[in-house]
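# Descriptive analysis of the structure
For reference, the chains in residue letters:
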Amino acid sequence: MSGRRALRLALLATLTAVGAVILLALAGFAAAYLTFRASLPPLDGRIAQAGLSAPVTLERDDLGVVTVTAANRTDLAFGTGFAHGQDRFFEMDLSRRLAAGELSELVGPAALAQDRETRLFRFRALARLALAQASPQQRALLAAYTRGVNAGLASLGSRPWEYWLLRATPRPWQPEDSFLVSYAMWWDLQHGDLRRDMLRRIVDAKLAGPQCGAWKCALEFLYPARTAWDSPSVASEADLRAEDARDAVSSPVPGPQELDVRGAGAETSAGATRSEFDPADIGSNSWAVAGRLTTTGAALVASDMHLGLQVPPTWYHMRLRIEAPGAATGATTGAITGAATGSATGAALDLNGLTLPGAPVLIAGSNGHVAWAFTNSDGDWVDARPVTCFTIDRSTMQTPQGDVALATAIERIHVRGAPDSLLTVMSGSQGILFHVDPVEHLCWFASWLAEAPGATNMNLLALERAESVQQVLALAPQIGIPEQNLIAGDRAGHIGWAIAGRLPFDSREDRTESGSPWRTASDAPSLYDPPIGRLWSANARATSDAAALDAIGGEDAAVGAQYTLGARARQIRDALLGLDKPVAPSDMLRIQLDDRALFLARWRDLILKLLDRTALAGEPGRAEMRRLVASWDARADVDSVGYRLVRVFHDRTAGAVWEMILDSLGVRSQDPPPPQFERPLWTLVTTQPPHLLSAAYPSWRAFLLAQLDGAVSALQASCGALDRCRWGAAHPVRIRHPLSRAAPILSRLIDLPELELPGDHDMPRVQDGAFGASERFAVSPGHEAEGYLHLPGGQSDHPLSPYYRAGFRAWAEGKPLPFLPGPAEHRLVLQPARGAVN
């Protein structure tokens, strides 16, 4: 054989081998793609389902918004579960596993630390108890919803794509899992309060001086009951003026005998090592306008709940309808355990708004008679209690008063790819042992209202049959959810506020573990039809009524109950009061998108005053800072440089003053200042008491200039030059799928486009990277067609679905999308299976 012929044969063999490899790779890719695509849900046709009494239809519009139509409430729950199971099962699974401390079983050791922290509270056992305590009607709904979820999951041609990636099999849904989804919300909204309460108690123990009730007087300065820009909802304009007058009065500064920073000799370089953007307490916005001020005569309710943003969004937009020919269009709200909470009644129903995958209930929206929305309520819901201790064995804690018996339980955590992890859960009369400090000889116990029997239930279902705000306010204290500010408005034009959630009647320091009876509508905080015609809530102090504050804050009422800074609430309040009548939904969206930096304006003025001719001499960095701050546009716009400079100076100064105080007390903490600290902070930087300044600085002016210079240096290092420090570049919005970091090769497919968006913490448009408005809506009950609703992502969890990203751009650009679903593009009918037993 000639060399040339041999070469041709060798090349042919090589090409054949390469071709085979390519064909195998293509075949593998095709198989993976087909498997991936097979997990898309069927959207059209008919599917026989056991357990239905009549057909259930699921219609999807061009955004994937689902309308479920059924003949009764039980079948409606089945259809709701079916849609959730088709589009959101993996996220539901993560939510129940987060609460139960079972993430490691799915994803491995990476989640073990989280599981050990969560498992301390044994939420799965609590979920089983909540299910057992539910009414028969509620259990029937949960059973139907569970069947629907599992049927929706089974309708997929392949298990959801995330499970292929994890090489795992989805575990069927159970009725108790819907309560775990609620406990996941408890965790997300309140667990962080435990750490903050722990720090506050440490500070209180270190302070000198007299007691003011349960706390040291000096602590009431550092943790004031009134936050800066305090703006609770009020009944009248006279009350509003009185609140503003009280807000303008500075709190008395503690004397050296109570708090002496300078005398403590703490020479700290406070602020030098703090990050540019500290986390802050961010919550939600909601408000209502009375019907006499609106275009329709019905009340107008607006909502934008702020949460961590991920793919897919937290909420799932739905319309839930019961069509009952000849039936009444509404039903009187009955007993909380009766028909109003979801018997198999066929009374007509039309619910529109937000559902939470994992639960068979409308979370926020409208039932045609009443619209409602929520913001998180800060209060005395979680307590951290220190006990002096020396040693702990399996069942005993040694204290100065003698041995104290502890109850012990062993929790087994399954860890994928690793041995099981055993967790010893120890508890005593003051709660669950969650931290031991061997240096200070302290054992820390946690007590949490989430653990109380009856604190979590499905009574939110009752709102779907409410016909008036008065009925909503009566139901609010019976609803078992993490305590929320509930804002409601009805078709007749009435508005109201209440705390939704179980409130202990007891307001003593041990109320979270006292077993106190729950408050009822007769003694729970509420406000109905204020003459001012507006109500607003933004996580700050919600009311000025002393009895209501006592019910919310308990022993913490005197130290602010962790209330958020009032700047957001003030800006919303003033915008509402400034609206010309009549008010329309479009006016609500303008307020939700308001990114004006009103709160930081006084800090900008402080910088300009500080940088006088003497401070600028020979300091080009300071001169550039002054030039850029002087010309800011007073907005948290993506291109604003001045806003970013003022914000960084404020954060460094706040952190430095807080650290000075903690250092003087011998307290070490990496936590940011509490949200109420803005009030004493401004008092200190403006009145400048010498004894509350670190000995590291000769004067408060020197201290403030040091913080400004530190801000200039940090910003120059970050941006190269101050004039390049755009606000948008500091916190790009990256909304990711939970598996994105584990599979970065898929990030372009499964993550949403990275954007720069306006907004910040202390203004109506809250945006801090992947934290912000998890939804925005405004609606008048009975006029849903005029409302809007948009979400930061699509309805579907499947990247190949046209509904994966649908609506995201409208949310990012602040464009309204219809509150009601549009014309159906797909129609799926769930047909009762022949011979099925119902």
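This report concerns the structure included in the present document. (Residues numbered from 1 in each chain as written. Predicted model: local features only at pLDDT ≥ 70, side-chain atom pairs only at ≥ 80, totals over all residues. Heavy atoms only, no water.)

## Focus on the state of the cysteines
Throughout the structure, instances matching the rule amount to 3 disulfides. The disulfide bridge from Cys-389 ends at Cys-443, spanning 2.0 Å between sulfur atoms. Here the disulfide of Cys-389 and Cys-443 is right-handed, its torsion about the S-S bond being about 90°. Residue Cys-389 is located in the loop between strand S13 (382–388) and strand S14 (396–399), and its partner Cys-443 is located in strand S19 (residues 442–448); the two are separated by 54 residues in the primary sequence. Classification of Cys-443 as buried rests on a relative accessible area of 0%. (Disulfide = S-S within 2.5 Å. Helix = DSSP H or I, 4+ residues; strand = E, 2+ residues; numbered from the N terminus. Buried < 20%, exposed > 50% of the residue type's maximum accessible area, 1.4 Å probe, protein only.)

## Structural notes on the packing of helix H6 (residues 136–154) against helix H8 (residues 175–190)
At a minimum axis distance of 8 Å, the contact between H6 and H8 shows a crossing angle of 95°. As summarised for this structure, H6 and H8 are arranged roughly perpendicular, according to the angle between their axes. Where H6 abuts H8, its residues Leu-142, Tyr-145 and Thr-146 lie against Pro-175, Ser-178 and Phe-179. Across the contact of H6 with H8, the residue classes tally to 4 nonpolar, 2 polar and no charged. (Axes fitted to C-alpha atoms, helices over the stretch in contact; angles between N-to-C directions. Parallel < 35°, antiparallel > 145°, perpendicular 65-115°, else oblique. Contact = heavy atoms within 4.5 Å. Nonpolar A, V, L, I, M, F, W, Y, C, P; charged D, E, K, R; others polar.)

## Considering the nonpolar core
Within the largest apolar cluster, 126 residues are counted, with the highest numbers of intra-cluster contacts made by Leu-58, Phe-121, Phe-123, Phe-179 and Trp-315. Sequence-distant contacts of Phe-179, that is, excluding residues within four places in its chain, are made with Ala-127, Ala-130, Leu-131, Ala-134, Leu-142, Thr-456, Asn-457 and Met-458. Core analysis: the second largest hydrophobic core is formed by 67 residues, Phe-599, Leu-692, Leu-704 and Val-712 among them. (Core = buried A, V, L, I, M, F, W, Y, C linked by side-chain atoms within 4.5 Å.)

## Concerning the sheet that holds strand S22 (residues 526–528)
Ordered in space as S1-S27-S2-S3-S9-S10-S11-S12-S20-S21-S22, the 11 strands form an open sheet in which the pairing is mixed. The outermost strands of the open sheet, each flanked by one partner alone, are strand S1 (45–49) and S22. Across the sheet, the mean angle from the axis of one strand to that of its neighbour is 25°, orientation sign disregarded. The pairing of strand S20 (residues 484–490) with strand S21 (residues 495–500) spans 6 bridges and is antiparallel. Residue Leu-486 lies in a different strand from S21, and its bridge partner there is Ala-498. Contacts between helix H2 (residues 73–100) and the sheet are confined to S1, strand S2 (56–60), strand S3 (66–70), strand S9 (316–322), strand S10 (349–355) and strand S27 (826–832), with S9 contributing the most and set at about 155° to the helix. (Pairing = 2+ DSSP bridges.)

## Section: the pattern of salt bridges
A side chain with one charge may pair with a side chain of the opposite charge, provided their charged atoms come close. Evaluated as defined, the whole model comprises 50 salt bridges. Arg-119 is the partner of Glu-411 in a salt bridge, and the nearest nitrogen-oxygen pair spans 3.0 Å. Of the two residues, Glu-411 is situated in strand S16 (residues 407–413) and Arg-119 in helix H4 (residues 112–119); the sequence distance between them amounts to 292 residues. Judged on exposure class, the residue Glu-411 and its partner Arg-119 are both buried. (Salt bridge = Lys/Arg side-chain N within 4 Å of Asp/Glu carboxyl O.)

## Here we look at the packing of helix H16 (residues 601–610) against helix H19 (residues 641–665)
Between H16 and H19, the shortest axis-to-axis distance is 9 Å and the interhelical angle comes to 85°. When the interaxial angle is binned, H16 and H19 end up roughly perpendicular. Contacts from Trp-603, Arg-604, Leu-606, Ile-607 and Leu-610 in H16 reach Val-646, Phe-649, His-650 and Thr-653 in H19. Class assignment of the residues belonging to the contact of H16 with H19 gives a composition of 6 nonpolar, 2 polar and 1 charged.

## With respect to the pairing of strand S18 (residues 431–437)
In this sheet, S18 lies alongside strand S17 (residues 421–428) in antiparallel orientation, the contact comprising 2 bridges. Bridging across to S18, Gly-428 finds its partner in Gly-431. The antiparallel hairpin formed by S17 and S18 contains 2 residues in its connecting segment. As paired elements, S18 and S19 share 5 bridges and run antiparallel to each other. By the bridge assignment, Asp-437 is partnered in S19 with Leu-442.

## Digging into helix H5 (residues 123–133)
All of the buried residues in H5 are Phe-123, Arg-124, Leu-126, Ala-127, Ala-130 and Leu-131. Seen end-on, H5 carries its buried residues on one side only, within an arc spanning 155°. (Arc of directions from axis to C-beta.)

## Notes on the environment of Gly-533
Within the fold, Gly-533 resides in the loop between S22 and strand S23 (534–537). Given the relative accessible area of 0%, Gly-533 is considered buried. Along the sequence, Gly-533 and Ala-299 sit 234 residues apart, while their C-alpha atoms lie 9.6 Å from each other. In this structure Gly-533 touches Ala-288, Val-289, Ala-290, Arg-292, Leu-293 and Ile-495, once residues within four positions along its chain are discounted.

## Concerning the packing of aromatic side chains
Under the definition given, this model contains 21 aromatic pairs. Relative to Trp-173, the ring of Phe-89 lies with its centre 6.3 Å away and its plane at 75°, an arrangement referred to as edge-to-face. Here Trp-173 lies in the loop between helix H7 (161–166) and H8 and Phe-89 lies in helix H2, a separation of 84 residues in the sequence. The pair Phe-89 / Trp-173 is uniform in exposure class, with both members buried. Arranged with centres 5.9 Å apart and planes meeting at 15°, the rings of Phe-121 and Phe-123 form a pair that is stacked. Under the relative-accessibility criterion, Phe-123 is labelled buried at 1%. Aromatic ring contacts, followed pair by pair, group Phe-121, Phe-123, Tyr-183, Trp-187 and Trp-448 into a single cluster. (Phe/Tyr/Trp six-rings, centres within 6.5 Å; stacked < 30°, edge-to-face > 60°.)

## Things to note about the sheet that holds S19
With respect to topology, 5 strands assemble into an open sheet ordered S13-S19-S18-S17-S16, the strand pairing being antiparallel. The sheet terminates laterally at S13 and S16, the two strands that pair on one side only. Within the sheet, the average angular offset between the axes of one strand and its neighbour, ignoring direction, is 40°.

## Some thoughts on the environment of Thr-355
By the secondary structure assignment, Thr-355 is in strand S10. Relative accessible area serves as the criterion here: at 0%, Thr-355 is assigned to the buried category. Along the sequence, Thr-355 and Thr-169 sit 186 residues apart, while their C-alpha atoms lie 26 Å from each other. When sequence neighbours within four positions are dropped, the list of residues in contact with Thr-355 reads His-84, Trp-315, Tyr-316, Met-318, Leu-320, Val-361, Leu-362 and Ile-363. A polar atom in the side chain of Thr-355 sits 3.1 Å from the side chain of His-84. (Polar contact = N/O pair within 3.5 Å; in protein donor to acceptor, adjacent residues only side chain to side chain.)

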